Amino acid sequence: MLQLGATGATLAAAGGLLAACGGGSGSGGSAAPAGSAWPNARLSASAAQTVDPRQFLSTSQVRALAVEADRLGLRATGAANHEGYLRTLAGLFRRAGVADVALEPVPMRQWLATSWSLTADGDELATTYYAPYSKQTGPAGVTAPMVLLPVGVGDEAAVRAALASVDVTGKIVVFEVAYTELTLQAFISVSYPDAYLQAAGDPRSPSTVYRRPWLNTVPRTLDLIAEAGAVGTVGIWPDLPGRWARQYTPYDGIFRPIPGLWIDRDGGARLKELAGNGASATVRLEATVRDTTTHNLVGYLPGRSTELTVLHTHTDGTNGIEENGPVGILAAAQYLARLPRASLPRTIMIMLSTGHFAGGVGIRHFLDQHGADLVPRISSILTLEHLGTREYLPAADGSIKATGRTELGTYFAPNSPGLVAATSAAVRRDQIASTVARPISAGPPGAKQPVGWPGEGTYFWWYASLVTANYITGPYGLITADLDTTDMVDYDLMRREAMTSVSTILRLAATSSAELRVTAG
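These notes cover the structure that comes with them. Every chain is numbered independently, its residues counted from 1 as its sequence is written. Local features in a predicted model are, by the rule used here, given only for residues with pLDDT of at least 70; side-chain atom pairs are given and counted only at 80 or more, and totals for whole chains, interfaces and linings are based on all residues. Note: side-chain values were computed over all heavy atoms of the structure, leaving out hydrogens and water.

Here's the deal with the pattern of salt bridges
The working definition used for a salt bridge is a side-chain nitrogen of Lys or Arg within 4 Å of a carboxyl oxygen of Asp or Glu. All told, the structure shown has 22 salt bridges when counted by the stated rule. In this structure, a network of salt bridges that share partners links the residues Asp202, Arg204, Arg212, Glu391, Arg405 and Glu407.

What follows is the structure in structure tokens.
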């Protein structure tokens, strides 16, 4: 039986962020440890033209912030450790010189797992996890015969065909999660002209396969299985050992009508054998469901105009990579706040949204709440997610290991000449494997479920047609809850990407509305 521990330790770690950076909950805070003082010189206009690395948070300071956040583990939307982290971030951004920092309440229906287990053939299986927003079972769980779906379940047509081949009514369905495989050519084909950069010495080619656990059809698969009459599901992660199988998915905030669990590769091998023989299993999943309040963080760096250029990421997450955007944006804001006001053609709004792991509830509430005041003033948005990530892939021995390369990064952006130019310049500046790509959806913005691109910024574009560029990477452990990602980040690269965001946001702030306008094509 697996249970979630108390949140006291993670709240203490959240408070440790301030100590690690010499800050406090207010504008002053506790004394800074030796060597941790932030750069504090007033910057000249020339520092807006070329970012001065001597006046930027150091690599060690960026690392300290990121590592402390990593220690929080899973920050489920609105959970105690997530809300404590938000309060810590508010203090840090105030110390950085961001004006009018506020935590704006966001109502939500919250689902938090408390305990779960999987018993089959009389034994409790280890290395299981839960599918968020699944139905609660109560202490006794749900007991039923298992049925194994044919291997290779993938897109909707394949899932429907598999379900047509077996009777799942009243049974617990065991299935192997199918990843969606792409080649790098798929990224190149949706990229803007000359936007794709192959880093010097990088052996990856257009034919290199891109395959990641987060890129899957899990939500639709679970829906189809439930519709077919199953009473529970157990998904097997085919190449994920042990704690790597703690995949926090789906996180669309949709409450599903049957309980679901995950199991790792090795436990899954035994489970498939049992399910193939028609053995029974008990799925137990207990959770708290309640109406509560989470928060968006907003603040401002006043410029010459009241129009807004937004620097954005989200604060809830599964581990230190997902999401480390707040650390990069804090470092950028601390630099931007010391520039002359005349160097900011537009006001820069810092917006850290909640609810990425609750179906985008934070941005959707922001758009509703500020539809008449802030939203009309937004000229463009730059979203940053998963900075400095190293590539990890399955190795021959079955473990997940570093390849020595950086993870592929992508700026997703609609066809705004000014937006594409600014992000293409960012790709060239960072000199890593990266590109600027078009939205991948064939449908128009405004549909119920956004699929413009796989990133938090898609909600701004999808629901409000706001001109948004979203930098994102998708490493192997992205949605692995409580994964220690300390060594999975290149902190020099993370700092460099944060410095690049300063140049990009200033360029966007200076770009005319006409150049930012989205065009066809």
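Brief notes about the packing of helix α11 (residues 417–430) against helix α13 (residues 491–510)
The angle between two axes is taken between their N-to-C directions and runs from 0 to 180 degrees, where each axis is a line fitted to C-alpha atoms and a helix contributes only its stretch in contact. Think of it this way: any DSSP run of H or I at least four residues long counts as a helix, any run of E at least two long counts as a strand, and we number them from the N terminus. Look at α11 against α13: their axes get within 10 Å of each other, and the N-to-C directions meet at 155°. Here α11 lies roughly antiparallel to α13, going by the angle between them. The handedness of the crossing between α11 and α13 comes out as right-handed. Residues Gly418, Leu419, Ala421, Ala422, Ala425, Ala426, Arg429 and Asp430 of α11 form the contact with α13, whose participating residues are Arg496, Glu497, Thr500, Ser503, Thr504, Arg507 and Leu508. Of the residues belonging to the contact of α11 with α13, the class tally is six nonpolar, four polar and five charged. Each angle receives one of four descriptions, namely roughly parallel if under 35 degrees, roughly antiparallel if over 145, roughly perpendicular if within 65 to 115, and oblique otherwise. Left-handed is the label given to a crossing in which the near helix is rotated counterclockwise from the far helix by less than a right angle, and right-handed is the label when the rotation is clockwise. Should any heavy atoms of two residues lie within 4.5 Å, those residues are counted as being in contact. As a working rule, the residues Ala, Val, Leu, Ile, Met, Phe, Trp, Tyr, Cys and Pro are called nonpolar, Asp, Glu, Lys and Arg charged, and the rest polar, with Gly in that last group.

Remarks on the pairing of strand β13 (residues 347–353)
Residues in a regular strand point their side chains to alternate faces of the sheet. Among the seven residues of β13, seven are classified as buried, and the element is accordingly described as predominantly covered. When a residue's accessible area, from a 1.4 Å probe over protein chains only, is under 20% of the maximum for its type it is buried; when over 50% it is exposed; and in between it is partly exposed. Here β13 shows no split at all, with Thr347, Met349, Met351 and Ser353 on one side and Ile348, Ile350 and Leu352 on the other all buried. At least two bridges found by DSSP between two strands is the condition for calling them paired. With seven bridges joining them, strand β12 (residues 308–314) and β13 adopt parallel strand pairing. Directly across from histidine 312, in β13, lies its bridge partner methionine 351. For the handedness criterion, the β-α-β arrangement of β12, helix α9 (residues 325–336) and β13 is classed as right-handed. When the strands point away from the viewer and the path from the first strand over the helix to the second turns clockwise, the crossover is right-handed.

Points about the packing of aromatic side chains
Aromatic pairs are defined between Phe, Tyr and Trp rings, using the six-membered ring for Trp, whenever the two ring centres lie within 6.5 Å; interplanar angles under 30 degrees are classed as stacked, those over 60 as edge-to-face, and all others as tilted. With the rule as written, the count across this model stands at 19 aromatic pairs. Taken together, the aromatic side chains of Trp111, Trp116, Tyr129, Tyr130, Tyr133, Tyr248, Tyr251, Phe255 and Phe357 make up a single cluster linked through ring pairs. Counted as over-ring charges are cases with an Arg CZ or a Lys NZ within 6 Å of the ring centre that also lie within 35 degrees of the ring normal. In this structure, arginine 95 packs its charged tip against the face of tryptophan 38, placed 3.9 Å from the ring centre. Over the face of the ring belonging to tyrosine 210 we find arginine 212, whose NZ or CZ atom lies 4.3 Å from the ring centre.

Looking at the packing of α9 against α13
Interaxial distance between α9 and α13 falls to 9 Å at its minimum, and their mutual angle equals 55°. Judged by the inter-axis angle, α9 sits oblique to α13. You can see that α9 and α13 cross each other, and the crossing is right-handed. Residue-level inspection shows Val327, Gly328, Ala331, Ala332, Tyr335 and Leu336 of α9 in contact with α13, the latter providing Met494, Ala498, Ser501, Val502, Ile505 and Leu506. Along the lines of polarity and charge, the residues of the contact of α9 with α13 split into 10 nonpolar, two polar and no charged.

Points about unusual backbone geometry
The residue after threonine 249, namely proline 250, is reached through a cis peptide bond having omega 0°. Looking at the element boundaries, proline 250 is found in the loop between β9 (232–236) and β10 (260–263). That bond from glutamate 322 to glutamate 323 is cis: its omega, 25°, falls within 30 degrees of zero. Mapped onto the elements, glutamate 323 comes out in the loop between β12 and α9.

As for the nonpolar core
If you look at soluble globular proteins, the nonpolar side chains tend to sit buried side by side. Residues grouped as a nonpolar core are buried Ala, Val, Leu, Ile, Met, Phe, Trp, Tyr and Cys residues, joined through side-chain atoms within 4.5 Å. Counting 134 residues, the largest nonpolar core has Phe93, Tyr130, Met146 and Leu336 as its most contacted members. Per-element accounting of this core gives the leading share, nine residues, to α13. Leave out the neighbours within four places in its chain, and leucine 336 touches Leu301, Leu311, Leu344, Ile348, Val502, Ile505 and Leu506. Ranked by size, the runner-up nonpolar core spans 16 residues in total, among them Ile363, Phe366, Ile378 and Phe460.

Concerning the side chain of arginine 346
Looking at where arginine 346 falls in the secondary structure, it is placed in the loop between α9 and β13. The class of arginine 346 is buried, set by a relative accessible area of 7%. Each polar contact in these results corresponds to two N or O atoms within 3.5 Å; when the atoms are within protein, one needs to be able to donate a hydrogen and the other to accept it, and residues that are neighboring in sequence are counted only if both atoms are side-chain atoms. Within the structure, arginine 346 has its side chain in polar contact with the side chain of glutamate 307 (distance 2.7 Å). For arginine 346, the contacting residues outside a window of four places in its chain are Gly303, Ser305, Glu307, Thr309, Ser379, Leu508, Ala509, Ala510, Thr511, Ser512, Ser513 and Leu516.

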